Amino acid sequence: MAVESEHLETLAIHAGQAPDPVSGAVMTPIVLASTFAQDGPGVHKGFEYARTGNPTRNTLERCIAALEAGTHGLAFSSGCAAMTTLLHTLRPGDHVVASDDVYGGSFRILDKVMRPLGIETTQVDMGDPANVEAAMTDATKLLWIETPTNPMLKLVDIAAVAKVGRARGAIVVVDNTFATPMLQRPITLGAHAVVHSMTKYLNGHSDVVGGVIVTNDDAFAERLRFLQNSIGAVSSPFDSYMVLRGLKTLPVRMERHCASAGTLAAWLEGQDNVEKVIYPGLDSHPQKALAASQMNGFGGMISFVVRGGLPAASALLAAVRVFCCAESLGGVESLIEHPAIMTHGSVPAAARAELGIDDGLIRISVGLEAVDDLRDDLANALAAAAAT
Ligand SMILES: *Cc1c(COP(=O)(O)O)cnc(C)c1O
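Calculation rules
Residues numbered from 1 in each chain as written. Predicted model: local features only at pLDDT ≥ 70, side-chain atom pairs only at ≥ 80, totals over all residues. Heavy atoms only, no water. Near = heavy atom within 4 Å. Polar contact = N/O pair within 3.5 Å; in protein donor to acceptor, adjacent residues only side chain to side chain. Areas by Shrake-Rupley, 256 points an atom, 1.4 Å probe, with all protein chains shown as cover. Nonpolar A, V, L, I, M, F, W, Y, C, P; charged D, E, K, R; others polar. Domains from an automatic or database assignment. Contact = heavy atoms within 4.5 Å. Buried area = accessible area lost by both parts, 1.4 Å probe. Salt bridge = Lys/Arg side-chain N within 4 Å of Asp/Glu carboxyl O. Helix = DSSP H or I, 4+ residues; strand = E, 2+ residues; numbered from the N terminus. Pairing = 2+ DSSP bridges. Axes fitted to C-alpha atoms, helices over the stretch in contact; angles between N-to-C directions. Buried < 20%, exposed > 50% of the residue type's maximum accessible area, 1.4 Å probe, protein only. pLDDT = per-residue confidence, 0-100. Right-handed = clockwise from strand over helix to strand, strands pointing away.

1. A look at the site of the ligand
Right, on to step 1. The full set close to the ligand counts 13 residues, and Cys-80, Asp-175, Ser-197, Thr-199 and Lys-200 are the nearest of them.
Right, on to step 2. Contact distances for the ligand include 2.7 Å between a nitrogen atom and a side-chain N or O atom of Asp-175.
Right, on to step 3. Between the ligand and Lys-200, the relevant distance is 2.7 Å, taken from an oxygen atom to a side-chain nitrogen or oxygen of the residue.
Right, on to step 4. Starting from 380 Å² of accessible surface for the ligand in isolation, the protein chains cover 92%.
Right, on to step 5. Across the shell around the ligand, the residue classes tally to 4 nonpolar, 6 polar and 3 charged.

2. Here we look at the domain arrangement of the protein
Right, on to step 1. What the domain assignment reports for the protein is domain 1 (8-247) and domain 2 (252-386).
Right, on to step 2. Using C-alpha coordinates to define each centre, domain 1 is positioned 26 Å away from domain 2.
Right, on to step 3. With 37 residues of domain 1 in contact, the opposing surface of domain 2 contributes 39 residues.
Right, on to step 4. Interface area, domain 1 with domain 2, both sides summed: about 2,900 Å², of which 62% is carbon and sulfur.
Right, on to step 5. Area buried by domain 1 at its contact with domain 2 is led by Leu-155, Leu-183 and Tyr-201, which between them contribute 27% of it.
Right, on to step 6. Summed over the shared surface of domain 1 and domain 2, the result is 0 salt bridges.
Right, on to step 7. Summed over the shared surface of domain 1 and domain 2, the result is 14 residue pairs in polar contact (both at pLDDT 80 or more).
Right, on to step 8. Mapped onto the side of domain 1 that touches domain 2, the elements with two or more residues apiece are helix H4 (104-114), helix H6 (158-167), helix H7 (180-183) and helix H9 (237-247).
Right, on to step 9. A class-by-class count of the residues in the side of domain 1 that touches domain 2 yields 19 nonpolar, 12 polar and 6 charged.

3. A closer look at the sheet that holds strand E6 (residues 193-197)
Right, on to step 1. Strands sit in the order E1-E7-E6-E5-E4-E2-E3 across an open sheet of 7 strands; the sheet is mixed. Only two strands of the sheet have a single partner each, and these edge strands are strand E1 (72-76) and strand E3 (120-124). Neighbour to neighbour, the strand axes of the sheet diverge by 20° on average, direction disregarded.
Right, on to step 2. Here 5 bridges tie strand E2 (residues 95-99) to E3, and the two strands are oriented parallel to one another. Across the sheet, His-95 pairs through a bridge with Glu-120, a residue of E3.

4. Digging into the pattern of salt bridges
Right, on to step 1. If you walk through the whole model with that rule in mind, you get 13 salt bridges.
Right, on to step 2. Close ionic contact of Asp-111 with Lys-112 constitutes a salt bridge, the shortest N to O distance being 3.1 Å.
Right, on to step 3. Residue class for Lys-112 comes out exposed when judged on its relative accessible area of 54%.
Right, on to step 4. A salt bridge links Asp-125 to Lys-154, with the nearest nitrogen and oxygen atoms 3.9 Å apart. Placement of Asp-125 in the loop between E3 and helix H5 (129-135) and of Lys-154 in the loop between strand E4 (140-146) and H6 is noted, with a sequence separation of 29 residues between them.
Right, on to step 5. Taking the relative accessible area as the measure of exposure, Asp-125 reaches 34% and is therefore partly exposed.
Right, on to step 6. Beyond isolated ion pairs, a larger network of salt bridges with shared partners links Asp-111, Lys-112, Arg-115 and Glu-120.

5. Focus on the pairing of strand E12 (residues 361-365)
Each regular strand shows side chains that alternate between the opposite faces of the sheet.
Right, on to step 1. The buried fraction of E12 amounts to 5 of the 5 residues, a majority that puts the element mostly inside the structure.
Right, on to step 2. Here E12 shows no split at all, with Leu-361, Arg-363 and Ser-365 on one side and Ile-362 and Ile-364 on the other all buried.
Right, on to step 3. With 5 bridges joining them, strand E9 (residues 301-306) and E12 adopt antiparallel strand pairing. From the neighbouring strand, Val-305 faces E12, where its bridge partner is Leu-361.
Right, on to step 4. As paired strands, strand E11 (residues 335-337) and E12 are joined by 3 bridges and run antiparallel to one another.

6. Some words on the confidence of the model for the protein
Right, on to step 1. Averaged over every residue, the pLDDT of the protein is 96; the share at 70 or more is 100%.
Right, on to step 2. Per-element confidence in the protein is highest for strand E7 (residues 211-215), whose mean pLDDT is 99, and lowest for helix H13 (residues 349-355), whose mean pLDDT is 86.

7. So, H4
Right, on to step 1. Those residues of H4 lying buried are Gly-104, Gly-105, Ser-106, Phe-107, Ile-109, Leu-110 and Met-114.
Right, on to step 2. For H4, the elements touching its buried residues are helix H3 (79-87), E2, E3, E4 and strand E5 (171-175).

8. Some words on the sheet that holds strand E8 (residues 274-278)
Right, on to step 1. Here we have 5 strands laid out as an open sheet, ordered E8-E9-E12-E11-E10, and mixed in their pairing. Either end of the sheet is taken by a strand with one partner, and the two such strands are E8 and strand E10 (324-325).
Right, on to step 2. Looking at chain direction, E10 and E11 are connected through 2 bridges and run parallel. Residue Cys-324 lies in a different strand from E11, and its bridge partner there is Leu-335.
Right, on to step 3. The strands touched by helix H10 (residues 250-269) are E8, E9 and E12; relative to E9, the strand with the most contacts, the crossing angle is about 15°.
Right, on to step 4. The strands that helix H12 (residues 309-319) touches are E9, E10, E11 and E12; relative to E9, the one it contacts most, it runs at about 130°.

9. Section: the pairing of E5
Right, on to step 1. Among the 5 residues of E5, 5 are classified as buried, and the element is accordingly described as predominantly covered.
Right, on to step 2. Because side chains alternate across E5, one face comprises the buried residues Ile-171, Val-173 and Asp-175, and the other comprises Val-172 and Val-174, equally buried.
Right, on to step 3. Where E4 lies against E5, 5 bridges are found, and the strand directions are parallel. Within E5, the position partnered with Leu-143 by the bridge is Val-172.
Right, on to step 4. Crossover E4 to E5 through H6 is right-handed.

Here it is, written out as structure tokens:
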């Protein structure tokens, strides 16, 4: 018995899930077995060996597929494993066009893992779809879109870029980690596939590393399923269970992340030693109109530049008490970090400068604590930064 709904709040709790037929257990069991009994050679209940398929993982894959408006979900041991597996659909000589400020680890895979294998990437500012069109060649087989981007929170018009990619026969992939399906569903806007680091908002509790690919393209899904089984970087049963559990509260979590981030972004803009605040919901964001039309909320991530460069940024990061200085994002707890040194340390200095990732840039992931406590914590930390 599958619950059907057009509402993501209901799908997050029920999609792909039914009480366990053996025990009636209301929540999906964690099936740890690595192998499954066959009544005779090749006669089985749909499971043979757990790298190929596992009931807990399959349930997660169905649930996230439904949330992302896809028909196939594939869960991996990390977001990077999901991305690397997807890029193995390419061949030497193929070309990728990617957003210019993609997640640091995504840049590293494209530049240091795929390029030596003969798969070149051109990075462009996808804010203008014409840049994508201009960067595409006859060899371009894949577009890698990230929106909002990390850490500059630039937006890409998914529908416009997907149109450009599809017209030239390229597979269009969106890294939807920052927005989650609660805020935007790229497959409904023309993307072939969505990739997530489940480590972030989907799991939401900073206690799992995982990744997922969702697509509604049957042929692409078959190829991905082959690669998922062949390469073998699958999500474990326990991690799959944890993310399935996290997904159930994704809709209410995202509502609060967005509300608190909106409050803090507006407040930060009024602070003397804050040079600039980057948040898609602010009037000062050049793409606020696109954010309002493409997204159902402006997200839980804020970047801002503190006056005083590295010394001020370091003092600020050392002074926080509620925010925790750490990489990553999307958990219930608020995190704060310094992209130039931490998450984007692997991006060459010249490229960082071009993107605006300077020494005063700070990125925060707004958690679910009382927004007053978060504001007071930032106020104290900004005072410490001003004293440097
Ligand atoms: C974290 C992250 C990744 C990589 O995911 P892992 O689970 O850390 O491997 C990819 N894209 C974005 C936008 C991320 O934030």
